[in-house]
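Reading the structure
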Amino acid sequence: MSLIEIRVGSGSITIDEDLITEIRNRYIIIMRTKMENGPCQDGMCQIIRQLEVSVEDKASDNLLFFGDQTMRIAMDGQTYRSINKGRENVRIKRGRSGIQVSGFTYVT
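Counting from 1, residues in each chain are numbered in the order their sequence is written. Two thresholds apply to this predicted model, a pLDDT of at least 70 for residue-level local features and 80 or more for giving and counting side-chain atom pairs, whereas whole-chain, interface and lining totals are computed over all residues. Working from all heavy atoms in the structure, the side-chain values ignore hydrogens and water.

**As for helix α2 (residues 77–86)**
The rule is simple: take the accessible area with a 1.4 Å probe, protein chains only, and divide by the maximum for that residue type; under 20% is buried, over 50% is exposed, in between is partly exposed. Only DSSP runs of H or I with at least four residues qualify as helices, and only runs of E with at least two residues qualify as strands; both kinds are numbered from the N terminus onward. Turning to α2, its buried residues are T79, S82 and I83. For α2, the angular spread of the buried residues around the axis is 95°, confining them to a single face. Facing away from the buried side of α2 by over 90 degrees, the exposed positions are R81 and K85. Looking one or two residues past α2, R87 carries a phi angle of roughly 50°, positive in sign. What the arc covers is the set of directions going from the helix axis to the C-beta atoms.

**Considerations on the pairing of strand β5 (residues 64–67)**
A strand pair is defined by DSSP finding two or more bridges across the two strands. As paired elements, β5 and strand β6 (residues 72–75) share four bridges and run antiparallel to each other. From the neighbouring strand, G67 faces β6, where its bridge partner is R72. Taking the residues that link successive antiparallel strands as the turn, the β5-β6 hairpin has four residues.

**A short note on the sheet that holds strand β2 (residues 11–15)**
Reading across the sheet, the four strands line up as β1-β2-β7-β8 and stay open at both edges, with mixed pairing between neighbours. Whereas interior strands pair on both sides, the edge strands pair on one side only; in this sheet they are β1 (4–8) and β8 (98–102). Averaged over neighbouring strand pairs, the angle between their axes works out to 20° when direction is ignored. Direction of pairing for strand β7 (residues 89–95) relative to β8: antiparallel, over a ladder of five bridges. In the sheet register, G95 faces β8, and the bridge partner there is G98. We call two residues contacting when some pair of their heavy atoms lies within 4.5 Å. Throughout, an axis means a line fitted to C-alpha atoms (over the contacting stretch in the case of helices), and angles, computed between N-to-C directions, take values from 0 to 180 degrees. Each of β1, β2 and β7 touches α2; the most contacted strand, β2, lies at about 110° to it.

Structure follows, in structure tokens:
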């Protein structure tokens with residue numbers, strides 16, 4: 001099984017072969033931190049942060065880019081800081097219900 005590992009600051013992102021063959025040279029993996037309020041009704045809940053990953057043909061200029069010409073990853077600043085600071089090893093793969101991500105924990 002062929003994997004690609006891309007360094008992101010002090011951390012890394014590993015991409016599985018199934019996803020590599022699908023997006024090579026044509027698409028960009030976009031990673032964004034999504035924030036939403038918790039389930040409380042009183043406004044005192046903590047903000048829930050989740051990683052949102054998608055495959056797109058274009059990326060906006062305000063994102064940070066990693067990788068090379070064959071495999072590109074773009075992410076927002078919050079996601080980069082979390083991976084870098086937490087020295088995380090994030091793994092992205094194709095699952096039955098779409099793209100699956102493991103190894104990401106939001107670090108402030």
